[in-house]
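Descriptive analysis of the structure
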Amino acid sequence: MIRYFQKALADIRSNRFLNLITMVTISLSILMVSLCLLVFENLGRIMDGWNQEGRAMVYLVPEFSTQMRPELASAITHMDGVVQVTFVSKDQALARLKNQMAESTRFLDTLKENPLPHAFEIRIQTRAGFEPVAAVVRQIESLDLVESVEYNQKWLARMLDLFQLFRLIGYVVCALFLLIAFFITASTVRLVFHSRQSEVEIMRLVGATDRFIKMPFYVTGLIQGAVGGILGLMILFAAYLAACSGISQSMGNLFHLDVRFLSVTAMGGIWVVSTFLGWFGCYLSLRQLLK
């Protein structure tokens, strides 16, 4: 095996340009695939976290008074799926809004009257899915003192549909990049094989087996795939480190984003796929060329 490895390294050195193009192509393909997986993994975890919160704001009619609060709170609390009910007065809501927008505008300080309504902030169990949550919301909206209800599951359901479509498109793009890398790897093997065709014919004349002829090409393909996979993951990790600090500073505290890099298992799987890609391109090319 060491002899085949040495022969493969010699072939790579003698055909530097072709092998470099192949490794760069594989690394770019792996970079795109890894980037898609990184985005899908983090978006999926973030949306699952939002989904588990199950929060809703129940805005009350203008004629609502605090004396009506206990009865309405009790009615909402006893509904199926409601976990917690917290009353938010309009003064508390205005204070929250001023605190959140203090650095961006002072417009709220000029208000003479509080335009915000009283509200209840509620938490709803979301394990059963969106439809039970929507049923609870419809039940709350039917109450006389409730003006409207806003809940994250309404837009989150639409976001999930878009996310599924986006993920499907991403998988198709990843497959195309892998196919491009595969065809370039196979084409490189063909070019190298034709450049050594006289050598291969001489080896056959002196009794060399197909296995002896193929093995250096296979090892070359494995090296191309392995190196390309490592380069792609290293580029992605460098980009992740560069972007992660900016994301955490600008949006992390606001949206509670927790962006994580790919797990060791995922990186290992990507590297195995990359290595297999290099070998498989050689295998199919040699299968046709040595018939």
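Treat the numbers as computed from the prediction; the structure is a model and nothing was measured. (Residues numbered from 1 in each chain as written. Predicted model: local features only at pLDDT ≥ 70, side-chain atom pairs only at ≥ 80, totals over all residues. Heavy atoms only, no water.)

Side note on the overall build of the chain
Looking only at helices and strands, the chain has nine helices and four strands in total. Within the span of the chain, comprising 291 residues, buried residues form 37% of the whole. Accessible surface, the chain: about 17,500 Å² in total, of which carbon and sulfur atoms supply 63%. (Helix = DSSP H or I, 4+ residues; strand = E, 2+ residues; numbered from the N terminus. Buried < 20%, exposed > 50% of the residue type's maximum accessible area, 1.4 Å probe, protein only. Areas by Shrake-Rupley, 256 points an atom, 1.4 Å probe, with all protein chains shown as cover.)

Concerning the packing of aromatic side chains
Under the definition given, this model contains 16 aromatic pairs. Taking 6.5 Å as the distance between ring centres and 35° as the angle between the ring planes, the aromatic pair formed by Y218 and Y283 counts as tilted. Pair noted here: Y218 is in helix α8 (residues 210-255) and Y283 is in helix α9 (residues 264-289), with a separation of 65 residues, a long-range link. Classification of Y218 by relative accessible area gives buried; the value is 13%. With a centroid separation of 6.2 Å and 25° between ring planes, the pair formed by F237 and Y240 is classed as stacked. Taken as a pair, F237 and Y240 lie in helix α8 at a separation of three residues, close to a single helical turn. (Phe/Tyr/Trp six-rings, centres within 6.5 Å; stacked < 30°, edge-to-face > 60°.)

Thoughts on the nonpolar core
Ranked by internal contacts, the top residues of the largest apolar core, which has 22 residues, are V58, L60, F120, I122 and I140. Broken down by element, the residue count for this core peaks at five residues, all from helix α5 (residues 130-141). Excluding its chain neighbours within four sequence positions, the residues that come into contact with V58 are H118, A119, F120, I122, I140, V146, S148 and V149. One finds V200, M203, Y218 and I223 within the second-largest nonpolar core, a separate group that totals 18 residues. (Core = buried A, V, L, I, M, F, W, Y, C linked by side-chain atoms within 4.5 Å. Contact = heavy atoms within 4.5 Å.)

A word on the confidence of the model for the chain
When pLDDT is averaged along the chain, the result is 80; 83% of the residues meet or exceed 70. Across the chain, the element-wise mean pLDDT spans from 75 in helix α7 (residues 197-205) up to 89 in helix α3 (residues 69-77). Every residue in residues 251-255 is under pLDDT 50, and counting partners more than four places away or in other chains gives six contacts. (pLDDT = per-residue confidence, 0-100.)

Observations regarding the pairing of strand β3 (residues 119-124)
Each regular strand displays side chains that alternate between the two surfaces of the sheet. The buried fraction of β3 is high, at five of six residues. Where strand β2 (residues 82-88) and β3 come together, six bridges link them in antiparallel fashion. Each bridged residue has a counterpart across the sheet, and for F87 the counterpart in β3 is F120. (Pairing = 2+ DSSP bridges.)

A word on the sheet that holds β2
Pairing is antiparallel across the open sheet formed by four strands, whose spatial order is β2-β3-β1-β4. In the strand order of this sheet, the two ends are held by β2 and β4 (146-151), each with one partner. The sheet shows a mean angle of 20° between the axes of neighbouring strands, taken without regard to direction. (Axes fitted to C-alpha atoms, helices over the stretch in contact; angles between N-to-C directions.)

Some words on empty space enclosed by the protein
Empty space among the atoms becomes apparent when a probe as large as a water molecule is rolled across them. In the structure shown here, the tally under the stated rule is one cavity of 30 Å³ or more. For the largest cavity, the calculated volume is near 80 Å³. In this structure, the largest cavity is lined by D11, N19, T188, V189, V192, R196, F217, T220, Q224 and C282. When contributions to the lining of the largest cavity are tallied by element, the ones reaching two or more residues are α6 (152-195) and α8. Here the residues of the lining of the largest cavity are counted per class, giving four nonpolar, four polar and two charged. (1 Å grid on protein atoms, 1.4 Å probe; cavity = no way out; pocket = protein on both sides within 12 Å on 5 of 7 lines; lining within 4 Å. Points joined across faces, edges and corners; volume = space filled by probe spheres on them. Nonpolar A, V, L, I, M, F, W, Y, C, P; charged D, E, K, R; others polar.)

Section: α3
All of the buried residues in α3 are L72, A73 and I76. Projected onto a plane normal to the axis of α3, the buried residues spread over an arc of 100° and lie on a single side. Facing away from the buried surface of α3 by more than 90 degrees, the exposed residues are P70 and E71. (Arc of directions from axis to C-beta.)

Quick look at a nonpolar patch on the surface
The grouping of L165, L168, I169, V172, V173, L176, L179 and F183 at the surface amounts to a nonpolar patch, some 730 Å² of accessible area in total. By secondary structure assignment, the location of L168 is in helix α6. L168 gets classed as exposed once you look at its relative accessible area, which sits at 53%. (Patch = residues over 30% accessible without salt bridge, like charges linked within 9 Å, V, L, I, M, F, W, Y side chains within 5 Å. Salt bridge = Lys/Arg side-chain N within 4 Å of Asp/Glu carboxyl O.)

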